[in-house]
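The primary structure of each chain is shown beneath.
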Amino acid sequence: AKNEANASVVLFSRDLLNSRQVRSVLAAELQAAISNDEMVLYYQPVVALKTGELVGVEALVRWQHPRRGLLMPDEFIDLAEEIGAMAPLAVWVLQTALAQLRRWRETVVLDPRFSVQVNISATQLQRPELLDDVQRILSEEGIEPANLVLEITEYSMVTGNEWDLYSFRGLRQLGVGLAIDDFGTGYSSISYLRTLPVDGVKLDKSLLSSDIAAPAEREFIAAILQLVKSCSLAATFEGIETGEQAAMLAALGCDSGQGYYFSRPVPAPGINAALVASLLE
Ligand code: C2E
Ligand code: CA
Ligand code: CA
Ligand code: CA
């Protein structure tokens, strides 16, 4: 009987977000989540691998749901896209992340290159208003465009659509940093390294094996990093979980990295503490 109870609990939570009924409730709740102050940003440190210096943070959204607890982006981003709630969410994320950067600046002396890295979906990149939104929020918060990096995952739509080109070019002209996200997964083709006007690449954690010491693994990673370097792009590895991985990536010339080895994503005060600690070092 105990097993049965457990099984039904698992079934309930697994199927929960997929069931049509729950999804439609969740969709309605999602529409109101921003105005109800239920969205939260977590920040994950991005570290220069040579020096260990904190060079920026990636903003990662969570939904603090009043009954379901802390929901991860995988549980609601697609839904937000489906119901057309992505534009207000994207604006909220930009607004919140850049206001936070301003507050960090007011509290600690940051390296002028310290960047906040924000994920932006392909549908948002296609929205002609994106450029105006970005420009307005930057100026409201008094942030230089170069201190914002937009990370873009799915480029499947980024062909032949004028607005894509518009956003890309406009954002670039503005001086905002652009990065290819999830490089090494099915979402991101090698040809983008040459065809997209970006500054950097986030290499996906799936490229890192746990057996990083094996010569074949090392050569594999070295070759990928060389490919990225040959396109004059900055390389950031994500999903670094061990000191061994960090040391090897540093030795292979990877510029920066992020992952549980350095820190999990944390709410803003956790970054405050890290910034203050790094000043005392
Ligand atoms: P991503 O951009 O590839 O972000 C990295 C994901 O890897 C994050 O998951 C992060 O928590 C996780 N991660 C970081 N370090 C490690 C590690 O050492 N090991 C492992 N196994 N995982 C690690 P998270 O926060 O659940 O975000 C998932 C995805 O949701 C993100 O993947 C991003 O594509 C999307 N996302 C997050 N926030 C936003 C947002 O504001 N807007 C949009 N459009 N997408 C977002
Ligand atoms: Ca990202
Ligand atoms: Ca990724
Ligand atoms: Ca991802």
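Residues numbered from 1 in each chain as written. Chains lettered and ligands numbered in written order. Predicted model: local features only at pLDDT ≥ 70, side-chain atom pairs only at ≥ 80, totals over all residues. Heavy atoms only, no water.

By the naming in an unreviewed UniProt entry, the protein chain goes by EAL domain-containing protein and is assigned to Arthrobacter cryoconiti.

(A) Expanded view of unusual backbone geometry. Non-glycine residue D182 carries a positive phi angle of around 55 degrees. Assignment of secondary structure puts D182 in strand β6 (residues 177-183). Residue classification places D182 among the buried positions, given a relative accessible area of 17%. (Helix = DSSP H or I, 4+ residues; strand = E, 2+ residues; numbered from the N terminus. Buried < 20%, exposed > 50% of the residue type's maximum accessible area, 1.4 Å probe, protein only.)

(B) Main features of the side chain of E238. Turning to its location among the elements, E238 is positioned in the loop between β8 (234-237) and α10 (243-251). Judged by its relative accessible area of 8%, E238 is buried. Discounting residues that sit within four places of it in the chain, E238 has contacts with D181, D182, K202, L203, D204, K205, L208 and Q258. (Contact = heavy atoms within 4.5 Å.)

(C) Fine view of the coordination of the calcium ion (ligand 4). Looking at the calcium ion (ligand 4), one finds its protein donor set to be D182 (OD) and D182 (OD), positioned 2.6 to 3.1 Å from the metal centre. Here the calcium ion (ligand 2) and the calcium ion (ligand 4) are spaced 5.7 Å from one another. (Donors = N, O, S within 2.8 Å, 3.2 Å for Na, K, Ca; no water.)

(D) Local environment of the nonpolar core. Residues W104, L203, F237 and L249 are the most contacted members of the largest nonpolar core, which totals 75 residues. If near-sequence neighbours (up to four positions away) are discounted, W104 is found in contact with Y43, V57, L110, F114, V116, A268, I271, N272 and L275. (Core = buried A, V, L, I, M, F, W, Y, C linked by side-chain atoms within 4.5 Å.)

(E) The coordination of the calcium ion (ligand 2), seen in detail. All of the protein donors around the calcium ion (ligand 2) are E58 (OE), N119 (OD1), E151 (OE) and D181 (OD); their distances to the metal are 2.2 to 2.3 Å. Counting along the primary sequence, the residues that act as donors to the calcium ion (ligand 2) give the motif E-x60-N-x31-E-x29-D. The distance between the calcium ion (ligand 2) and the calcium ion (ligand 3) comes to 5.5 Å. In this pair, E58 is assigned in strand β2 (residues 54-65) and E151 in strand β5 (residues 148-152), connecting sequence segments 93 residues apart. Across the pair, E151 and E58 agree in class, each one buried.

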